[in-house]
Amino acid sequence: MTGLGAVMPIGNDFPTYWANLQAGVTGTRTIRSFDASNHEVRIAAEVIDFDPASVMEPKMARRMSRFIHLAMGAGKEAVADSGIDFAAMSQERRDRVGVVVNTGGGGIEQIIDGTHVHDQKGPRFVSPFAVPALSGSMAAAMLSMEWGLTGPVITQVAACATSVIAFQDALRLIQTGECDVVVTGGTEAPIWPMGVAALANMTALSKRNDEPESASRPFDLTRDGFVLGEGAGITVVESLEHARRRGATPIAEIIGGALTADAFHISAPEPTGRGQARSMTNALRQAGIAPDEVDYIVAHGTATPLNDVTETRAIKAAYGDHARKVAISSPKSMIGHLVGAAGIASALAAIGAIRDGVIPPTANLRTPDPECDLDYVPLTARKAKVETVAVDGFGFGGQNAVTIFRRVVD
């Protein structure tokens with residue numbers, strides 16, 4: 001990793017996001033993007049004060065969806081932060097630059113808005129840009145077009161595990177020799193009326209409308225569901241040889257990862273945590289490390305009653321005695337659940353911890369659940385030597401992903 005970019009509910013660039021994450025700042029507020037006054041849930045973690053026209057040509061910005069806008073903002077920051085100059089590359093070198101940007105839903109607002117226009121005005125008034133703007137692959141495609149990157153362009157959809165998987169794809173593209181550089185991350189903009197209503201009716205969301213800043217409470221006994229969030233994160237990932245050849249300083253490296261399935265339920269985790277534990281164990285094996293080499297786990301930590309207990313059981317099963325020694329925390333306590341961008345939000349926390357030796361806290365964890373009895377770094381950030389971090393991501397349908405990051409050692 002040589003470049004980082006973020007557009008998040010607590011910061012529209014990576015330095016702001018990381019500083020606020022360490023400080024325990026929460027981004028949950030009363031929903032601004034639509035009138036939620038008649039909704040059971042009226043809170044979310046929205047990106048605010050972000051102008052798409054600052055990162056895209058204004059006409060194109062009007063034609064594209066919000067998840068694309070957010071990805072372009074994070075992507076431009078990451079590339080600038082890396083110092084890589086795609087414009088100076090030959091076509092042959094740009095043939096070896098890939099883009100892997102994953103999302104859970106894509107531009108779903110295009111379907112809603114387009115259907116409304118169709119029904120109210122008629123078919124000929126539906127925008128011809130609606131289909132590309134709603135396509136989940138368009139964020140990755142737009143980033144590839146921005147710099148003329150002609151290597152593989154990949155988008156995977158795996159619910160809340162989506163952008164944890166992006167790093168595994170990037171690793172494989174580089175390990176197989178297909179790419180030297182991969183622009184990697186995730187993006188999501190899911191805060192729209194039907195989505196909020198559906199998740200509320202599933203009883204997945206917190207209903208603490210009157211106390212939004214403390215609504216997301218991972219691992220807390222009083223948790224009542226997650227807070228829906230939006231955002232994007234992009235990183236520049238390149239082979240160590242390529243980074244050093246151009247004089248870049250790597251921030252961290254990807255050393256392994258794994259995927260498993262629960263094959264259990266459309267939304268609930270398998271209660272023993274077996275599938276999640278296997279993803280953790282397999283990731284450690286792929287990375288070639290022992291459980292006690294992990295200094296920090298960025299938990300999936302959604303603040304739903306089932307997920308937090310299941311993830312705790314899985315960590316105990318996979319890490320054994322080390323489960324009670326390793327630091328664990330959940331960024332979702334501050335930024336909500338970004339669905340397809342949840343994994344990249346966690347990965348950025350992992351990379352920041354490795355770089356700066358600070359583990360961000362689990363905000364709002366004041367009454368620990370007796371069934372969640374590990375070290376969740378409650379309320380306050382912790383200084384620590386952090387060499388290796390595991391990032392968990394578990395999605396609807398039982399899709400489990402874990403990716404492991406490490407400080408680069410000369």
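For the structure, see preceding data.
Note that the coordinates shown come from a computational prediction; the quantities given were computed from them, not determined experimentally.

What counts and how
Residues numbered from 1 in each chain as written. Predicted model: local features only at pLDDT ≥ 70, side-chain atom pairs only at ≥ 80, totals over all residues. Heavy atoms only, no water. Pairing = 2+ DSSP bridges. Helix = DSSP H or I, 4+ residues; strand = E, 2+ residues; numbered from the N terminus. Contact = heavy atoms within 4.5 Å. Axes fitted to C-alpha atoms, helices over the stretch in contact; angles between N-to-C directions. Buried < 20%, exposed > 50% of the residue type's maximum accessible area, 1.4 Å probe, protein only. Polar contact = N/O pair within 3.5 Å; in protein donor to acceptor, adjacent residues only side chain to side chain. Phe/Tyr/Trp six-rings, centres within 6.5 Å; stacked < 30°, edge-to-face > 60°. Parallel < 35°, antiparallel > 145°, perpendicular 65-115°, else oblique. Nonpolar A, V, L, I, M, F, W, Y, C, P; charged D, E, K, R; others polar. Expected span 1.5 Å × (residues − 1). Patch = residues over 30% accessible without salt bridge, like charges linked within 9 Å, V, L, I, M, F, W, Y side chains within 5 Å. Areas by Shrake-Rupley, 256 points an atom, 1.4 Å probe, with all protein chains shown as cover. Salt bridge = Lys/Arg side-chain N within 4 Å of Asp/Glu carboxyl O. Core = buried A, V, L, I, M, F, W, Y, C linked by side-chain atoms within 4.5 Å.

Structural notes on the sheet that holds strand S6 (residues 181-188)
Turning to step 1, where the next piece is worked out: Read from one edge of the open sheet, five strands run S1-S7-S6-S4-S5, paired in mixed fashion. Unpaired on one side and paired on the other, strand S1 (3-7) and strand S5 (153-154) mark the two borders of the sheet.
Turning to step 2, where the next piece is worked out: Strand direction decides the pairing type here: S1 and strand S7 (residues 231-238), joined by five bridges, are antiparallel. Its bridge partner lying in S7, Ala6 is registered against Gly233.
Turning to step 3, where the next piece is worked out: Packing against the sheet, helix H7 (residues 138-147) makes contact with strand S4 (97-102), S5, S6 and S7, and its axis sits at approximately 150° to S4.
Turning to step 4, where the next piece is worked out: The sheet strands contacting helix H8 (residues 162-175) are S4, S5, S6 and S7, and the helix crosses S6 at an angle near 170°.

Digging into the pairing of strand S14 (residues 399-406)
Turning to step 1, where the next piece is worked out: The buried count for S14 comes to six of eight residues, which makes it a mostly enclosed element.
Turning to step 2, where the next piece is worked out: Where strand S8 (residues 253-261) and S14 come together, eight bridges link them in antiparallel fashion. When the bridges of S14 are listed, Gly256 appears paired with Ile404.
Turning to step 3, where the next piece is worked out: Where strand S13 (residues 388-395) and S14 come together, eight bridges link them in antiparallel fashion.

A few points about the side chain of Glu230
Turning to step 1, where the next piece is worked out: Along the chain, Glu230 turns up in the loop between helix H9 (193-201) and S7.
Turning to step 2, where the next piece is worked out: Residue Glu230 is classed as buried on the basis of its relative accessible area of 4%.
Turning to step 3, where the next piece is worked out: A polar side-chain atom of Glu230 sits 2.8 Å from the main-chain amide nitrogen of Val47.
Turning to step 4, where the next piece is worked out: Not counting residues up to four positions away in its chain, the partners in contact with Glu230 are Pro9, Ala45, Glu46, Val47, Arg66, Leu70, Glu188, Ala189, Pro190, Ile191 and Leu338.

Describing the packing of aromatic side chains
Turning to step 1, where the next piece is worked out: One pass over the full model with this rule turns up three aromatic pairs.
Turning to step 2, where the next piece is worked out: When the ring of Phe86 is compared with that of Trp147, the centres are 5.8 Å apart and the planes differ by 55°; the resulting orientation is tilted. Of this pair, Phe86 sits in the loop between helix H3 (66-82) and helix H4 (91-94) while Trp147 is found in helix H7, placing the two residues 61 residues apart along the sequence.

Things to note about the packing of helix H1 (residues 14-23) against helix H14 (residues 342-356)
Working note: a packed helix pair is described by the angle between its axes plus the distance between those axes.
Turning to step 1, where the next piece is worked out: Interaxial distance between H1 and H14 falls to 11 Å at its minimum, and their mutual angle equals 80°. When the axes of H1 and H14 are compared, the pair comes out roughly perpendicular. Of H14, the residues touching H1 (which contributes Phe14, Tyr17, Trp18 and Leu21) are Ala345, Leu348, Ala349, Gly352, Ala353, Arg355 and Asp356.
Turning to step 2, where the next piece is worked out: Residue composition of the contact of H1 with H14, by class: eight nonpolar, one polar and two charged.

Brief notes about the pairing of S4
Turning to step 1, where the next piece is worked out: For S4, the tally of buried residues reaches six of six residues, placing the bulk of the element in the interior.
Turning to step 2, where the next piece is worked out: With burial as the criterion, each face of S4 is covered, one bearing Val97, Val99 and Val101 and the other bearing Gly98, Val100 and Asn102.

A short note on H14
Turning to step 1, where the next piece is worked out: With 15 residues, H14 extends 21 Å from end C-alpha to end C-alpha; this agrees with the ideal 21 Å at 1.5 Å per step.
Turning to step 2, where the next piece is worked out: Immediately downstream of H14, the backbone of Gly357 shows phi near 65°, a positive value.

Re the side chain of Ser279
Turning to step 1, where the next piece is worked out: Within the secondary structure, Ser279 is located in helix H11 (residues 274-287).
Turning to step 2, where the next piece is worked out: The buried category is assigned to Ser279, whose relative accessible area is 0%.
Turning to step 3, where the next piece is worked out: In terms of polar contacts, Ser279 uses its side chain to reach the backbone carbonyl oxygen of Gln276, at 2.6 Å.

Digging into the sheet that holds S14
Turning to step 1, where the next piece is worked out: Taken in spatial order, the five strands line up as S8-S14-S13-S9-S10 in an open sheet, and their pairing is mixed. Here the strands that pair on one side only, and so sit at the sheet edges, are S8 and strand S10 (327-329). With strand direction ignored, the average angle separating the axes of adjacent strands in the sheet is 15°.
Turning to step 2, where the next piece is worked out: Its contacts with the sheet place H8 against S8, S13 and S14, and it is angled at close to 60° to S14.
Turning to step 3, where the next piece is worked out: Sitting on the sheet, H14 is in contact with strand S9 (296-298), S13 and S14, with an inclination near 170° to S13.

Digging into a nonpolar patch on the surface
Turning to step 1, where the next piece is worked out: A contiguous nonpolar patch, built from Ile111, Ile112 and Met194 and spanning about 280 Å² of accessible area, is present on the exposed surface.
Turning to step 2, where the next piece is worked out: Inspection of the secondary structure puts Ile111 in helix H5 (residues 108-121).

So, the pattern of salt bridges
Turning to step 1, where the next piece is worked out: Scanning all chains against the criterion turns up 18 salt bridges.
Turning to step 2, where the next piece is worked out: Close ionic contact of Asp369 with Arg223 constitutes a salt bridge, the shortest N to O distance being 2.9 Å. Of the two residues, Asp369 sits in the loop between strand S11 (358-359) and strand S12 (382-383) while Arg223 sits in the loop between H9 and S7, which places them 146 residues apart along the sequence.
Turning to step 3, where the next piece is worked out: Of the charged contacts in the structure, one is a salt bridge between Asp375 and Arg382, with a shortest N-O distance of 2.7 Å.
Turning to step 4, where the next piece is worked out: Using a relative accessible area of 21% as the deciding quantity, one classes Asp375 as partly exposed.
Turning to step 5, where the next piece is worked out: What emerges from the salt-bridge pattern is a single network uniting Arg208, Glu211, Arg217 and Asp224.

Some words on the nonpolar core
Turning to step 1, where the next piece is worked out: Within the largest apolar cluster, 51 residues are counted, with the highest numbers of intra-cluster contacts made by Met1, Met8, Tyr17, Tyr296, Ile335, Leu348 and Phe405.
Turning to step 2, where the next piece is worked out: With nine residues, H14 is the largest single contributor of residues to this core.
Turning to step 3, where the next piece is worked out: Core analysis: the second largest hydrophobic core is formed by 36 residues, Ala61, Met64, Phe86 and Met142 among them.

Interpretation in functional terms is not warranted from these geometric data alone.
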